[in-house]
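# Observations on the three-dimensional arrangement
As a plain string of letters, each chain reads:
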Protein chains: 2
Amino acid sequence: MNNQYVIGVDFGTDSVRALLVDAHTGQALGTHVHEYARWKQGLYCNPGQSQFRQHPLDYLEGLEATINGALANATPGVRQQVVGISIDTTGSTPGPVDETGQLLALRPDFAENPNGMFILWKDHTANAEAGEINNLAHHWDTDYTKYVGGIYSSEWFWAKMLKTLRVDEAVRQHAFSWVEHCDWMSAVLTGNTNPLTLRRSRCAAGHKALWHSDFNGLPSDEFLTRLDPLLSGQRNRLFTDTYTSDQPMGHLSTEWAEKLGLSTNVVVGVGAFDAHMGAVGAEIEPYAFVRIIGTSTCDILMAPNEEIGHRLIRGICGQVDGSVAPGMLGLEAGQSAFGDLYAWFAHLVTGPVRDLMGDEAADRLSRQLIPHLSQQAEQLHLTENDLIALDWINGRRTPDANHTLKAAISGLNLGTDAATVFKALVEATAFGSRSIVDRFVQEGVPIRKVIAIGGVAKKSPFVMQTLADVLNKPIQVAKSDQACALGAAMFASVAAGVHPTLEAAQQAMGSGFDAEYQPRPERVAIYETLYQKYLTLGEFIQNNGAASSPISTQYAESETV
Amino acid sequence: MNNQYVIGVDFGTDSVRALLVDAHTGQALGTHVHEYARWKQGLYCNPGQSQFRQHPLDYLEGLEATINGALANATPGVRQQVVGISIDTTGSTPGPVDETGQLLALRPDFAENPNGMFILWKDHTANAEAGEINNLAHHWDTDYTKYVGGIYSSEWFWAKMLKTLRVDEAVRQHAFSWVEHCDWMSAVLTGNTNPLTLRRSRCAAGHKALWHSDFNGLPSDEFLTRLDPLLSGQRNRLFTDTYTSDQPMGHLSTEWAEKLGLSTNVVVGVGAFDAHMGAVGAEIEPYAFVRIIGTSTCDILMAPNEEIGHRLIRGICGQVDGSVAPGMLGLEAGQSAFGDLYAWFAHLVTGPVRDLMGDEAADRLSRQLIPHLSQQAEQLHLTENDLIALDWINGRRTPDANHTLKAAISGLNLGTDAATVFKALVEATAFGSRSIVDRFVQEGVPIRKVIAIGGVAKKSPFVMQTLADVLNKPIQVAKSDQACALGAAMFASVAAGVHPTLEAAQQAMGSGFDAEYQPRPERVAIYETLYQKYLTLGEFIQNNGAASSPISTQYAESETV
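Throughout this document, residue positions are counted from 1 along each chain, in the order its sequence is written. Each chain is given a letter, starting from A, and each ligand a number, starting from 1, according to the order in which they appear as written. pLDDT decides what is reported in this predicted model: residues at 70 or higher carry local features, side-chain atom pairs at 80 or more are listed and counted, and totals for whole chains, interfaces and linings draw on all residues regardless. To obtain the side-chain values, all non-hydrogen atoms of the structure were included, while hydrogens and water were left out.

## Here we look at the overall build of chain A
Note the following rule: Under the DSSP-based scheme used, a helix requires at least four consecutive residues in state H or I and a strand at least two consecutive residues in state E, with every element numbered from the N terminus. Throughout, exposure labels follow a simple rule: accessible area from a 1.4 Å probe, protein chains only, divided by the maximum for the residue type, with under 20% read as buried, over 50% as exposed, and the rest as partly exposed. Two residues form a contact once any of their heavy atoms are found within 4.5 Å.
Summing up its helical and strand segments, chain A has 20 helices and 20 strands in all. Structurally, chain A occupies a C-alpha span of about 70 × 55 × 55 Å along its principal axes. Residues counted as buried form 65% of the 561 residues belonging to chain A. Put simply, of all contacts in chain A between residues at least 6 apart along the chain, 72% involve residues at least 24 apart.

## Looking at the pairing of strand S17 (residues 407-412) of chain A
The cut-off we apply is this: We call two strands paired when DSSP finds no fewer than two bridges between them.
Among the 6 residues of S17(A), 6 are classified as buried, and the element is accordingly described as predominantly covered. Bridge count for strand S16 (residues 388-390) of chain A against S17(A) is 3 bridges, and the pairing is antiparallel. Opposite A:Ala389, over in S17(A), you have A:Ile409 as the bridge partner. Judged from the 5 bridges that link them, S17(A) and strand S17 (residues 407-412) of chain B form a sheet pairing that is antiparallel. Bridging from a neighbouring strand, A:Leu412 pairs with B:Ala407 of S17(B).

## Details of the relation of the copies chain B and chain A
Basically, it comes down to this: Superposing the copies works by least squares over the C-alpha atoms of residues that have pLDDT at least 70 in both of them.
In screw terms, the move from chain B to chain A is a rotation of 180° and a rise of 0.1 Å along the axis, fitting with an RMSD of 0.1 Å. Here the transformation between the copies is reduced to the relation of a two-fold axis. With an isologous cut-off of 70% or more, the 98% of interface residues of chain B that recur at the interface of chain A puts this contact in the isologous class.

## Quick notes on the nonpolar core
As a rule of thumb, nonpolar side chains are buried together in soluble globular proteins. So the rule is basically this: In these notes, a set of buried Ala, Val, Leu, Ile, Met, Phe, Trp, Tyr and Cys residues joined through side-chain atoms within 4.5 Å is what counts as a nonpolar core.
Counting 155 residues, the largest nonpolar core has A:Phe345, A:Phe440, B:Phe345 and B:Phe440 as its most contacted members. Beyond its immediate sequence surroundings of up to four residues, B:Phe440 is in contact with B:Phe289, B:Leu301, B:Ile313, B:Ile316, B:Leu331, B:Ala333, B:Val445 and B:Ile447.

## Quick look at the domain arrangement of chain A
To keep it simple, the criterion reads: Domain delimitation follows an automatic or database domain assignment.
Per the domain assignment, the segments making up chain A are domain 1 (5-282 + 480-514) and domain 2 (339-444 + 527-549). Using only C-alpha atoms to locate each centre, domain 1 of chain A and domain 2 of chain A end up separated by 34 Å.

## A closer look at the sheet that holds strand S18 (residues 449-453) of chain A
All names here are of chain A. Rules: Every angle, taken between N-to-C directions, lies between 0 and 180 degrees, and every axis is a line fitted to C-alpha atoms, over only the stretch in contact when it is a helix.
Pairing in this open sheet of 7 strands is mixed, and the strands run S14-S15-S13-S12-S18-S19-S20 from one edge to the other. The open sheet terminates on both sides in strands that have one partner only, identified here as strand S14 (318-321) and strand S20 (513-517). Neighbour-to-neighbour, the strand axes of this sheet turn through a mean angle of 25°, independent of strand direction. Pairing analysis gives 4 bridges linking S14 to strand S15 (residues 328-333), with the strands arranged antiparallel. Following the sheet pairing, aspartate 321 is matched in S15 by leucine 329.

## Observations regarding the sheet that holds S17(B)
Here 4 strands make up an open sheet; going across it, the order is S16(A)-S17(A)-S17(B)-S16(B) and the pairing antiparallel. Of all the strands in the sheet, the pair left with one neighbour each is S16 of chain A together with strand S16 (388-390) of chain B. Direction aside, the axes of adjacent strands within the sheet are offset by 5° on average. Where helix H20 (residues 521-543) of chain B meets the sheet, it contacts S17 of chain A together with S16 and S17 of chain B, and its direction lies at approximately 50° from that of S16(B).

## A short note on the interface of chain B and chain A
Heads up, the rule is: Buried area is a sum: the accessible area each of two parts loses on coming together, probed at 1.4 Å, counted once for each and added. For salt bridges, the criterion is a side-chain nitrogen of Lys or Arg within 4 Å of an Asp or Glu carboxyl oxygen. Here a polar contact is recorded for every N or O atom pair within 3.5 Å, except that within protein the pair must consist of a potential hydrogen donor and a potential acceptor, and residues adjacent in sequence are included only if both atoms are side-chain atoms. Charged residues are taken to be Asp, Glu, Lys and Arg, nonpolar residues to be Ala, Val, Leu, Ile, Met, Phe, Trp, Tyr, Cys and Pro, and polar residues to be all remaining types, Gly included.
Each partner contributes to the interface: chain B provides 50 residues, whereas chain A provides 49 residues. Of the roughly 4300 Å² buried where chain B meets chain A, counting both sides, 69% is carbon and sulfur surface. Taken together, the connections running from chain B to chain A amount to 0 salt bridges. For the interface between chain B and chain A, the tally reads 15 residue pairs in polar contact (both at pLDDT 80 or more). Residue assignment for the side of chain B that touches chain A shows that the elements contributing at least two residues are helix H13 (339-357), helix H14 (359-379), S17, helix H15 (418-442) and H20 of chain B. Examining the composition of the side of chain B that touches chain A, we find that 10 residues originate from one element, H13(B), more than from any other. Residue classes in the side of chain B that touches chain A are distributed as 28 nonpolar, 16 polar and 6 charged.

## Some details on the packing of aromatic side chains
This is how it is decided: Stacked, tilted and edge-to-face pairs are distinguished by plane angle, under 30 degrees for stacked and over 60 for edge-to-face with tilted covering the rest, among Phe, Tyr and Trp rings (Trp via its six-membered ring) whose centres lie within 6.5 Å.
Summed over the entire model, instances satisfying the criterion amount to 41 aromatic pairs over all chains. Seen from their ring centres, B:Tyr59 and B:Phe118 are 5.1 Å apart, and the 45° between their planes marks the pair as tilted. Pair noted here: B:Tyr59 is in helix H2 (residues 56-71) and B:Phe118 is in strand S7 (residues 118-119), with a separation of 59 residues, a long-range link. Per residue, the accessibility class of B:Tyr59 equals that of B:Phe118, and both read buried. Consider the rings of B:Trp140 and B:Phe223, whose centres lie 5.2 Å apart with planes at 80°: the pair is edge-to-face. Of the two residues, B:Trp140 sits in the loop between helix H4 (127-138) and helix H5 (157-167) while B:Phe223 sits in helix H9 (residues 221-227), which places them 83 residues apart along the sequence. By relative accessible area, which is 1% here, B:Phe223 ends up buried. Ring-pair connections join several aromatic residues into one group, and the members of that group are A:Phe11, A:Tyr36, A:Tyr59, A:Phe118 and A:Trp184.

## Some points on the pairing of strand S6 (residues 94-97) of chain A
Residues and elements named next belong to chain A. The side-chain alternation of S6 yields two buried faces, one formed by Pro94 and Pro96 and the other by Gly95 and Val97. The pairing of S6 with strand S8 (residues 177-180) spans 4 bridges and is classified as antiparallel. Across the sheet, residue proline 94 finds its bridge partner in S8, namely glutamate 180.

This is the structure:
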């Protein structure tokens, strides 16, 4: 058997990474990271208004640079044996295209117009439109939000599309259709970007565009027209069918084959979102709960369709057949803030230092602070009377999305120092995790193992041990620190026919785990008591004015690792 | 009319201060401060066990040094025209005496025994005894705690006396009786320290020793014996009568007249606690609420006996006929933490800086931090959706003492910085103040004006303005920064017959006010809403496990300015 190689490309918020992998052994042969040049300069964004746009040229330049970079040290033989490329991206990150599938921003007349670019997942300019979608859906015959946890987000496809059509007449005139970032990148590689025929990702469509087989695809034209006549007829220029990422999108175009020094036989797989491909890269299996733990968490669980079927899982962000692996229901959950809660506290402490002692001192403190507090917090005695904090510093994504919620800290006394507060915040993020796990279990979806990837999982043994104690479950940390790109490579290997199934690809290419945290029984019991107090405090904050205040959705709903 | 001068002596926690005042004009002619030498070295204390003792020699040396110091620049004529001396002290700060009224620690066999010394107000070694007193009192025919708000504190007379008798056989054998610091100092000046005949302070006895005319004095021997047979017979070696501080204790003894270069005609007044004499120095009047605002607050209100009489004021620390001024019911309340809440937050922020950047950097930050945060917090927009914090970082003294309560902060989001938290903490202390004011009003005791003294009142315009806005009442800040010593001097002038009444003394000697804060109507309405949220959060924390945890009484129940 000849060697066969695949390439996974992972588009993140700030940069894109490509990974060249041996499709039979999983061995990584080359990798390359490219930062988006325009994005880095802050172009087309207005953070004060939560407007975040990315120019398609940033993506195209990154696509070429990273694949070539990953191949830079490969022998000519290896180049000839590349058989597949798959791509994951952030999302929902949609953009308007013309009849040819060209992003409007690639036309001279739209080159500098942010509304002709990709609207990044964390752009919140469509808050009002999301509210309208929710209102209408909740009063429609079919509640189109039922498979996305009952709440449509301003970060998602329809809200962003509607907002843009409302505010920009030029886009209204020239946008024939709309595409998700992950679909467009893959289509570009094949040379066919025709919006009517390119293969749309099940993952993106199901989680963000309200696509479901129960609805015969997207929401009805009647619904969309009622939402706004501007949406009338759009459904027909979008899509009805969607594809799981084990499917091929097509083959590499001549143009791109030349650019990359690869053959036109290379299969390009259907794209998907980063967290979903990351879960595959981290060796997700049925009823494994894969948590991508960074500033926030994105949690992916999958279960055989025949066991869960169309049963609604209450209060979970999304459930989409095939969004992770074909034949499996992909369930998505997440915490709006995880590492961000610790970063918030670090900022609280370093802020006055910055004001009074300058940037140099503040930066120095900032670098040392969280490791130092972790070290101190680890030494603290655990009791049933410890502080209780809520982790809703950026609202709550799951269970039961509510972006108006805020965080709280109780149980403070004169002896409470920074390490004690930090310990409570770490526990709060773990309790938030526990409430998601409990919800799955209550809804009849058992969780058989917990796998973690992402920056916090890799860097914070104290946090991970606390999480294991609170969940009362062992947690395995995936060895790969490029789980998303590795997952994309696994999909590429299946789309290219190297492996018959995704499971086989995982078995051949998986890189395993490098740490496992076991719950400590003496702590489990104490955390059980503290968790009940967390729930009680949370119920109070949820029901009372002290917490209800203007919506804060900054960074909420991130798919991004 | 000849000139007449009086001296007020104010014994604080760390130092004693004497103030020489013209009894007719209130003009200060001299002042002197003396720090306790043994105390400064940390002798006889064990902070880890909350054991805080003060040696009577520290007091005696301070008494002589400060009065001589205040007189140092006085002409011989002035010395001859000193007519009165009165003393205030911290309390409850009791100590054991022999038959002659000598503090045991002044005898060679007790010279180094902490149990033969004064037990400082903040000593908490008698927590268990306070619990026993509460249990028994609440089940006795007469609830002896009813005039002290229903909860006897470990900081008070009986608990400390009982604890000491239990743990120290030598004290059991040689302690004939017990005295409060304020009584003993005054007695020492007169040369008569006989515990059976020295005039006991109504203020100390009523607020701390459960003395009340309804009880015919102290609790019954039956009650005390049931508490512990060690207390059997003690009542007869203590006192039945008590005296208001407008009364003379006696005249200066020959010995002390010589030490101080004063005449034996000098009248020594009956002593009292610092906050009560401080309220007089700050020109308290009926239904004026005088707040001594420092690390904690001690709040004093007085009302004519004929208007309030023996009516119980629910949940207020103490109510004692004549504890402030004769003929007036003295009502005491207070917050366990005020400036301490800000200091706690400053410590939270500077703690990691101390660990990681050293003492010099931390001390520098510490000096600038609260003024800096005040300046920033003052600029913040006030809304009905702001953070809500509880001020119970050291439990709650009033209303409804509960030392197990803890503080909390709610409404945190990613934008919450240190200044925002600081603003919430300042508001929390103001809300705590409001709940005391409201309780007085609900119980039929109107509050006609608010007067503030103490470090925070003098140094923090931002805090005082917030307090005025939250209370919706103007607040006057007394000009004197030695209000306690000035109040003691006023009492001395009445005891010596210079003025017929305390009111007359206040009129002649008062130094007025130097700042007045007016409530800002646009903020009053918003604070009304936020205060309701404070109450709701407080009710939750009080009723729920998240807050109930081991008793923390450190610094609670301080009388000290």
